[in-house]
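Here are the chains, one letter per residue:
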Amino acid sequence: MATIKDVAERAGVAPSTVSYVLSGSRKISEQTARAVHEAIAELGYHPRASARTLRSARSEVLVLAVPREAGKYRAMDGRFAIEISDAARGHGYDVLMMTEPDGVDGLRRIARSGLADAAILMAVREADPRIAALGEFGFPTALLGHGNERDELEVPWVDLDWEAAVALAVRECAAAGHRRVVFWASAEHEIAARRGYAMHGLDGARLAAVQTGADVRVRPSTADPELLRARLRDVLGARPAPTALVVQHLIPLPLILDEIAALGLRVPDDLAVVLVGSLPDEPALFALPRIDLPVSQMAAAVVQLAVRAIGAEAVPGPARHELFPPGMAPGPVLAKPSPTH
């Protein structure tokens, strides 16, 4: 049976350092703590109950708050949940998922109960009430996404630069010669809720229209299939016809592509389609120009921020904010508009 000395030798640290990592009684660098946890996993070491009680004030759990409506699956949420769980395990934490659509009451219960040491919030909106609720308890919090930077100065967050991403997609269209571009924005309920990614995407479309001088027509998406088809028919059937479609709301992408085909339009010959915020390594999307969401990097970064927030009293300095810059994914480039357009 492995001992604490065996773990220390494998991790290249003193036995006392292993005890500090297990008990949380001293601040240990993330690199050292990771080495200790890896050694524990490799050796199958199980600390005595008496050692575990030294860290009774901590649960070694992070709560991941993902607002969800029953029966509605979002592949992006599942991918982030897996990546965050993997990253948390590397820091010695488990993940508890909370899916209340509002989330405020549930997060308050968790903050009071000590079920988790920190919270990671997804689907962040402007003036998000979850941030204020956790702030009442001084509960460590990190955001995956952000609403308005002015309201989040003291809360750490990471996000894709959605404004820059949408602006980049529109500029790429304009550079390829497309002067009439449709921006298929986030769903109208996401815009009404003022989700950060939705609002920043709209800002990006407006910015690119000014930068390029292109005719950028903004249309909100919808979760209603029939309404979605009607809106597509309306905007793609306009004259003069648009020659490029930038899509941020990717959940109904198969339906969007089916409706484009039903209208007799060929991609990319008659209509260029560019995706913003796609999942990386999705083979079905490789045929389209796209800006991928850096899921793994964002998940690792937000977990690190949450762990850092737990020991914030030992890590002075302002809350860290990080915007991941967008880039066009390797693969097909934007086709030029057809001469007939």
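Along every chain, residues carry numbers that run from 1 in the direction the sequence is written. Residues qualify for local features only when their pLDDT is at least 70, as the model is predicted, and side-chain atom pairs are given and counted only at 80 or more; totals for whole chains, interfaces and linings, by contrast, use all residues. Computation of side-chain values covers all heavy atoms of the structure but excludes hydrogens and water.

## A few points about the packing of helix α6 (residues 104-113) against helix α7 (residues 129-136)
Move 1: Between N-to-C directions, angles span 0 to 180 degrees; the directions come from axes that are lines fitted to C-alpha atoms, helices contributing only their stretch in contact. We count a stretch as a helix when DSSP gives it H or I for four or more residues in a row; a strand needs E for two or more, and each element gets its number in order from the N terminus. Between α6 and α7, the least distance of the axes is 9 Å, while the angle of their chain directions is 20 degrees. Taken together, the axis directions place α6 and α7 in an arrangement best described as roughly parallel. Our pair here, α6 against α7, has a crossing hand that is right-handed. Together, V104, L107, R108 and A111 of α6 and P129, R130, A133, L134 and E136 of α7 make up the contact between the two elements. Roughly parallel refers to an angle under 35 degrees, roughly antiparallel to one over 145, roughly perpendicular to one between 65 and 115, and oblique to any angle outside these ranges. Helix crossings fall into two classes, left-handed where the near helix is turned counterclockwise from the far one by less than a right angle and right-handed where it is turned clockwise. Any pair of residues with heavy atoms lying within 4.5 Å of one another is described as a contacting pair.

## A few points about the sheet that holds strand β5 (residues 157-160)
Across a sheet, strands are paired by hydrogen bonds formed along the backbone, either parallel or antiparallel in direction.
Move 1: Strand pairing is assigned whenever DSSP identifies at least 2 bridges connecting the two strands. Here 6 strands make up an open sheet; going across it, the order is β2-β1-β3-β4-β5-β11 and the pairing parallel. Strands at the two margins of the open sheet, each flanked by one partner only, are β2 (94-98) and β11 (321-324). In this sheet, neighbouring strand axes are inclined to one another by 15 degrees on average, regardless of whether the strands run parallel or antiparallel.
Move 2: Here strand β1 (residues 61-65) pairs with β2 via 5 bridges, running parallel. In the strand pairing of β2, L64 is matched with M97.
Move 3: Packing of helix α5 (residues 75-90) onto the sheet brings it into contact with β1, β2, β3 (118-121) and β4 (141-144), and relative to β2 it is tilted by some 150 degrees.

## Focus: the nonpolar core
Move 1: By size, the foremost hydrophobic cluster in this structure holds 58 residues, and its most contacted members are F80, I120, L144, V246 and V303.
Move 2: A total of 10 residues in this core trace back to one element, the largest contributor, which is helix α13 (residues 295-310).
Move 3: When near neighbours in sequence (up to four residues on either side) are disregarded, F80 contacts M122, L144, L293, V295, M298 and A299.
Move 4: To form a nonpolar core, buried Ala, Val, Leu, Ile, Met, Phe, Trp, Tyr and Cys residues must be joined to one another through side-chain atoms within 4.5 Å. Three labels apply to residues, based on accessible area from a 1.4 Å probe with only protein chains included: buried if under 20% of the type maximum, exposed if over 50%, partly exposed otherwise in between. Ranked by size, the runner-up nonpolar core spans 18 residues in total, among them L232, L250, I260 and L285.

## A closer look at the sheet that holds strand β8 (residues 244-247)
Move 1: Across the sheet, which stays open at both edges, the 5 strands sit in the order β7-β6-β8-β9-β10 with parallel pairing between neighbours. Only two strands of the sheet have a single partner each, and these edge strands are β7 (215-221) and β10 (290-292). Ignoring which end each strand starts from, the neighbouring axes of this sheet average 15 degrees apart.
Move 2: Sheet topology note: the strand β6 (residues 180-187)/β7 ladder contains 6 bridges and is parallel. Within β7, the residue paired with A187 across the bridge is S221.
Move 3: Along the sheet, helix α10 (residues 196-212) makes contact with β6 and β7, crossing β6 at roughly 170 degrees.

## Comments concerning the pattern of salt bridges
Any two side chains of opposite charge can pair, given that their charged atoms come close.
Move 1: Just to be clear on terms, a salt bridge is a Lys or Arg side-chain nitrogen sitting within 4 Å of an Asp or Glu carboxyl oxygen. Within this structure, the stated rule accounts for 17 salt bridges.
Move 2: For E83, the salt bridge goes to R79, with nearest N and O atoms at 3.6 Å. Of the two residues, E83 and R79 both sit in helix α5, 4 residues apart, roughly one turn of that helix. Per residue, the accessibility class of E83 equals that of R79, and both read buried.
Move 3: For E322, the salt bridge goes to R320, with nearest N and O atoms at 2.3 Å.
Move 4: Note on E322: relative accessible area 23%, which makes it partly exposed.
Move 5: Judged by relative accessible area, R320 falls into the partly exposed class, the value being 31%.

## Some details on helix α11 (residues 225-236)
Move 1: With 12 residues, α11 extends 16 Å from end C-alpha to end C-alpha; this agrees with the ideal 16 Å at 1.5 Å per step.
Move 2: Taken as a whole, α11 has its buried residues at L228, L232, V235 and L236. Looking straight down α11, one finds that the buried residues subtend no more than 85 degrees of arc, so they occupy a single side. Residues of α11 that are exposed and angled more than 90 degrees away from the buried face: E226 and D234.
Move 3: Along its buried surface, α11 packs onto β6, β7 and α12 (253-262).
Move 4: The term polar contact refers here to a pair of N or O atoms within 3.5 Å; inside protein, the definition further demands a hydrogen-donor-capable atom paired with an acceptor-capable atom, and it admits residues adjacent in sequence only when both atoms are side-chain atoms. Looking at where α11 begins, the residue whose side-chain oxygen comes 2.9 Å from the main-chain nitrogen of E226 is D224. Here, expected helix span is obtained from the residue count minus one, scaled by 1.5 Å. This arc is taken over the directions from the axis of the helix to the C-beta atoms.

## Looking at the side chain of D159
Move 1: With respect to the element layout, D159 can be found in strand β5.
Move 2: There is a polar contact of 2.8 Å between the side chain of D159 and the side chain of H146.

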